[in-house]
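Chain and residue survey
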Amino acid sequence: MVFTGISKDFLLTNERQYETIGRFWDEMELKYGLENLQGLGYRWDGCIISYAIGLKNGRIEGSNLSIPLPDDGWEKVTGKTVNLKQMYDEIYKYGPLQYEIETFYEDGKCEILYRRT
């Protein structure tokens, strides 16, 4: 699988990434619709995360990232978007991640696929 999307770096300090990545999602949702998108967290470097948003099908306009992802070794968690921080607190209790793929739905649910290093 190859993930293609628009990538930006976000600060992790004081958990600001939830707010700043959320604004990135809002911007992309206006153009493409929430359920057409998926997000990829793929590089954690101290206090910065690299995060991309792409289309589930097709290539998003302005793509600046194309990254091959492993086909196996993924785990899945589903829940409500309002509980996203708690979901990640539980995931990170067991160690760092190599990748995370997020999908959000209009009904307030979300899905996180993640792969550990």
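Relevant structure appears above.
Quick summary incoming for the structure in this document. (Residues numbered from 1 in each chain as written. Predicted model: local features only at pLDDT ≥ 70, side-chain atom pairs only at ≥ 80, totals over all residues. Heavy atoms only, no water.)

1. Some words on the pairing of strand S5 (residues 75–80)
The element S5 is barely covered by neighbouring structure, given that only zero of its six residues are classed as buried. Looking at chain direction, S5 and strand S7 (residues 109–116) are connected through six bridges and run antiparallel. The residue bridging Glu75 from the neighbouring strand is Tyr114, located in S7. (Buried < 20%, exposed > 50% of the residue type's maximum accessible area, 1.4 Å probe, protein only. Helix = DSSP H or I, 4+ residues; strand = E, 2+ residues; numbered from the N terminus. Pairing = 2+ DSSP bridges.)

2. A short note on unusual backbone geometry
Unusually for a residue other than glycine, Asn14 sits at a positive phi of about 55 degrees. Positionally, Asn14 belongs in the loop between strand S1 (2–11) and helix H1 (17–32). Residues other than glycine seldom take positive phi values, yet Glu15 does so here, at roughly 55 degrees. On the secondary structure map, Glu15 appears in the loop between S1 and H1. For Glu15, a relative accessible area of 38% gives the class partly exposed.

3. Describing the sheet that holds strand S4 (residues 65–68)
Strand pairing in a sheet relies on backbone hydrogen bonds. The paired strands run either parallel or antiparallel. Read from one edge of the open sheet, seven strands run S4-S1-S3-S2-S6-S7-S5, paired in antiparallel fashion. For this open sheet the edge positions go to S4 and S5, each flanked by a neighbour on one side alone. Averaged over all neighbouring strand pairs, the angle between strand axes comes to 30 degrees, with direction disregarded. With four bridges joining them, S1 and S4 adopt antiparallel strand pairing. Within S4, the position partnered with Val2 by the bridge is Pro68. Packing of H1 onto the sheet brings it into contact with S1, strand S2 (37–45), strand S3 (48–55) and strand S6 (97–104), and relative to S3 it is tilted by some 15 degrees. Along the sheet face, helix H2 (residues 84–92) touches S2, S5, S6 and S7 and points at about 20 degrees away from the line of S7. (Axes fitted to C-alpha atoms, helices over the stretch in contact; angles between N-to-C directions. Contact = heavy atoms within 4.5 Å.)

4. Observations regarding the environment of Glu90
Relative to the elements of secondary structure, Glu90 occurs in helix H2. In this structure Glu90 comes out as partly exposed when scored by relative accessible area, which is 39%. Sequence separation between Glu90 and Glu19 is 71 residues; the distance between their C-alpha atoms is 19 Å.

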